[in-house]
Amino acid sequence: MTRAVEIEISGEVQGVSFRGYAAREAVRLELVGWVRNQPDGSVLAHVEGDDDAVEEMVAWCREGPPSAEVRHLEVSDVEETHDSTFEVQY
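As a starting point, this report considers the structure included with it. Keep in mind the model is a prediction, meaning the values are calculated, not measured.

Let us look at the side chain of E25. By the secondary structure assignment, E25 is in helix α1 (residues 18-28). You can call E25 buried: its relative accessible area is 14%. Within the local environment of E25, its side chain forms a polar contact with the side chain of R28, the two groups lying 2.8 Å apart. The contact partners of E25, leaving out residues within four places of it in the chain, are M57 and W60.

The next thing to look at is the nonpolar core. Grouped together as the largest cluster of nonpolar side chains are 24 residues, with contacts concentrated most on I7, I9, F18, L31, V47, M57 and C61. Elements that contribute at least two residues to this core include exactly β1 (2-12), α1, β3 (43-50) and α2 (51-63). Of all the elements, α2 adds the most residues to this core, at 6 residues. If we skip the residues at most four places from it in the chain, F18 touches I9, V13, V43, W60, C61, G64, P65, A68 and V70.

Strands sit in the order β4-β1-β3-β2-β5 across an open sheet of 5 strands; the sheet is mixed. Since the sheet does not close on itself, it has two edges, and those belong to β4 (69-77) and β5 (86-89), each with one partner. In this sheet, neighbouring strand axes are inclined to one another by 20° on average, regardless of whether the strands run parallel or antiparallel. As judged from the 6 bridges shared by strand β2 (residues 32-37) and β3, these two strands associate in the antiparallel manner. Bridged to N37 within β3 is V43. The strands touched by α1 are β1, β2, β3, β4 and β5; relative to β5, the strand with the most contacts, the crossing angle is about 170°.

Reading the values: rules and limits
Residues numbered from 1 in each chain as written. Predicted model: local features only at pLDDT ≥ 70, side-chain atom pairs only at ≥ 80, totals over all residues. Heavy atoms only, no water. Helix = DSSP H or I, 4+ residues; strand = E, 2+ residues; numbered from the N terminus. Buried < 20%, exposed > 50% of the residue type's maximum accessible area, 1.4 Å probe, protein only. Polar contact = N/O pair within 3.5 Å; in protein donor to acceptor, adjacent residues only side chain to side chain. Contact = heavy atoms within 4.5 Å. Core = buried A, V, L, I, M, F, W, Y, C linked by side-chain atoms within 4.5 Å. Pairing = 2+ DSSP bridges. Axes fitted to C-alpha atoms, helices over the stretch in contact; angles between N-to-C directions.

Right under this line is the structure:
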């Protein structure tokens, strides 16, 4: 079964390579979608793929890369976009 979610991550998550690490993790989990910085200092990710892989990605986002400090995470189910890759948006 497939699932699509948006994950909003806040805390010390910009300037710590969060997007790059997240993209590598998504590719490893064979997920598609995107990740981008938000003007308010948070990071927003759209992730879709196998249910278990999406859950693994959400769990990874709760910690983030070594230099990040995740203080809050919000997950929302969304419509699938059927992207074919995972990309970092600038």
